[in-house]
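Geometric and topological summary
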Amino acid sequence: MTPDRRDIAAAVLLEKLVADCYQDRAPGSVSRLQWSILRCLGRAEPAEKTSGWIARYVGVTAAPTSRAIRALEEHGLVTLSRSAQDGRQLIVELSDAGQEALSRDPLLRLAGSISKLGETDRISLQRIVQILGLSGLPKE
Amino acid sequence: MARILLVDDDKSLARVCQRALAREGHDVETVHDHGTAITCAEAADAYDLAILDFWMEAESSLSILRALRAKSSGLPILYISGGGGGLSLEVTAALAEAGGATEFLFKPFRPRDLSARVEALLR
């Protein structure tokens, strides 16, 4: 089915809502990938915090994940050490500043807006993004 | 002792999980297919906790999650997954949590990680 004007308008609004979360474009600001990594570290079990596992979690290849982790280290938001089991793997931990940064996660603003919807709308939205997230985008 | 519904099409992993939880004194009902899991979900109130694998027979188990949530809004539901379907673990967890999963445990995990997570959810 070809998307109509309202479908396109809905897609524009979705894009705008997410883009508005990440308004901070100042040099040294935390990128979307870096925020995903911080969220990942905020919920990972101790055994999972290797750079390889983080790459799997965020669904990005090793090189950009490593660059993002190094940038987070430069911002003082994570600390790095070598894995005792596999010296090629970095163990990544949230620093105190990283833990504190999670309370300023830009996605919390959007989540806060969702939480303020009426119960029916809120459940509908959760269901709709689930359907869209599972089916993914059609291939070009 | 808690009554736990464990839904995973990986029979060997389900056996390891079942043993770990039985050692903690829990009564675990193990299910390996969608149809039986949906039937069990009809009696969601009979369980204290459910554990669902995200990918079941190459399909997501979100319909099972929906069936469980339709019958019980308060049942703790622990999702487990090692990824698949071309989705990142981040998206996989978000899909389950948007559907009402209480917690997510990423594979591979140790039996003691599972037991610890279950005990925390039952508290």
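Quick look at the structure, then. (Residues numbered from 1 in each chain as written. Chains lettered and ligands numbered in written order. Predicted model: local features only at pLDDT ≥ 70, side-chain atom pairs only at ≥ 80, totals over all residues. Heavy atoms only, no water.)

Some thoughts on the packing of aromatic side chains
In this description, a pair of aromatic rings is defined by centroid distance and the angle of the planes. Taken as a whole and judged by the stated rule, the model has seven aromatic pairs over all chains. Ring centres of Phe54 of chain B and Tyr79 of chain B lie 5.8 Å apart, and the angle between their planes is 55°; this geometry places the pair in the tilted category. Taken as a pair, Phe54 of chain B in the loop between strand 3 (49-53) and strand 4 (55-56) and Tyr79 of chain B in strand 6 (residues 77-81) lie far apart in primary sequence, 25 residues in all. When sorted by exposure, Phe54 of chain B lands in the same class as Tyr79 of chain B, which is buried. An aromatic cluster is present here, built from Trp53 and Tyr57 of chain A together with Phe54, Trp55, Tyr79, Phe104 and Phe106 of chain B joined pairwise through their rings. (Phe/Tyr/Trp six-rings, centres within 6.5 Å; stacked < 30°, edge-to-face > 60°. Helix = DSSP H or I, 4+ residues; strand = E, 2+ residues; numbered from the N terminus. Buried < 20%, exposed > 50% of the residue type's maximum accessible area, 1.4 Å probe, protein only.)

Points about the sheet that holds strand 7 (residues 103-106) of chain B
All names here are of chain B. Spatially, 2-1-3-6-7 is the arrangement adopted by the five strands of the open sheet, whose pairing is parallel. The sheet terminates laterally at strand 2 (27-31) and strand 7, the two strands that pair on one side only. Looking at each pair of strands side by side, their axes are set apart by 20° on average, direction ignored. Where strand 1 (residues 3-7) lies against strand 2, five bridges are found, and the strand directions are parallel. Paired with Leu5 across the strands is Glu29, a residue of strand 2. Of the strands in this sheet, strand 1, strand 3 and strand 6 are in contact with helix 3 (residues 62-71), which crosses strand 6 at around 175°. Across the sheet, helix 4 (residues 89-98) touches strand 6 and strand 7, and the angle it forms with strand 7 is around 150°. (Pairing = 2+ DSSP bridges. Axes fitted to C-alpha atoms, helices over the stretch in contact; angles between N-to-C directions. Contact = heavy atoms within 4.5 Å.)

Brief notes about the interface of chain A and chain B
Contacts between the two partners involve 16 residues from chain A, matched on the other side by 23 residues from chain B. Both faces considered, chain A and chain B share a buried interface measuring about 1,600 Å² in area, 51% of it formed by carbon and sulfur atoms. The largest share of the area that chain A buries against chain B comes from Arg43, Gln130 and Leu134 of chain A, three residues that together contribute 35% of it. A salt bridge links Glu90 of chain B to Arg39 of chain A, with the nearest nitrogen and oxygen atoms 3.8 Å apart. Across the chain A-chain B interface, the total number found is six residue pairs in polar contact (both at pLDDT 80 or more). Of all the elements in the fold, those that place two or more residues in the side of chain A that touches chain B are helix 2 (32-43), helix 3 (51-58) and helix 7 (119-135) of chain A. Ranked by the residues each element gives to the side of chain A that touches chain B, the list is headed by helix 7 of chain A, at six residues. The class makeup of the residues in the side of chain A that touches chain B is five nonpolar, five polar and six charged. (Buried area = accessible area lost by both parts, 1.4 Å probe. Salt bridge = Lys/Arg side-chain N within 4 Å of Asp/Glu carboxyl O. Polar contact = N/O pair within 3.5 Å; in protein donor to acceptor, adjacent residues only side chain to side chain. Nonpolar A, V, L, I, M, F, W, Y, C, P; charged D, E, K, R; others polar.)

Structural notes on the nonpolar core
Leu38 of chain A together with Leu68 and Tyr79 of chain B are the most contacted members of the largest nonpolar core, which totals 52 residues. Ignoring sequence-local partners within four residues, the contact set of Tyr79 of chain B consists of Leu52, Asp53, Phe54, Ser61, Leu62, Leu65, Ala96, Ala101, Glu103, Phe104 and Leu105 of chain B. Core analysis: the second largest hydrophobic core is formed by 17 residues, Ile4, Ala14, Leu105 and Phe109 of chain B among them. (Core = buried A, V, L, I, M, F, W, Y, C linked by side-chain atoms within 4.5 Å.)

Considerations on the layout of surface pockets
The space that makes up the largest pocket amounts to roughly 2,400 Å³. Around the largest pocket, the lining is made up of 46 residues, and of these Val18, Leu107, Leu110 and Val129 of chain A together with Ala94 of chain B lie nearest the centre. Elements represented by at least two residues in the lining of the largest pocket include exactly helix 1 (5-21), helix 2, helix 6 (107-115) and helix 7 of chain A together with helix 4 of chain B. Here the lining of the largest pocket takes ten residues from helix 7 of chain A, the largest share from any one element. Quantified by volume, the second largest pocket comes out at close to 290 Å³. Taken together, Glu119, Arg122, Ile123, Gln126, Arg127 and Gln130 of chain A together with Arg66, Arg69, Glu97, Ala98, Gly99 and Gly100 of chain B form the lining of the second largest pocket. Those elements giving two or more residues to the lining of the second largest pocket turn out to be helix 7 of chain A together with helix 3 and helix 4 of chain B. Per-element tally for the lining of the second largest pocket: the top contributor is helix 7 of chain A, with six residues. (1 Å grid on protein atoms, 1.4 Å probe; cavity = no way out; pocket = protein on both sides within 12 Å on 5 of 7 lines; lining within 4 Å. Points joined across faces, edges and corners; volume = space filled by probe spheres on them.)

Thoughts on the pattern of salt bridges
Summed over all chains, the structure comprises 16 salt bridges over all chains. Asp27 of chain B is paired through a salt bridge with Arg3 of chain B; the nearest N and O atoms lie 3.2 Å apart. Within this pair, whereas Asp27 of chain B is found in strand 2, its partner Arg3 of chain B is found in strand 1, the two being separated by 24 residues in sequence. Take Arg3 of chain B: its relative accessible area is 28%, and that puts it in the partly exposed class. Through salt bridges that share partners, Arg39 and Asp105 of chain A together with Glu90 of chain B make up one connected network.

Functional significance is not addressed by these values, which are geometric in nature.
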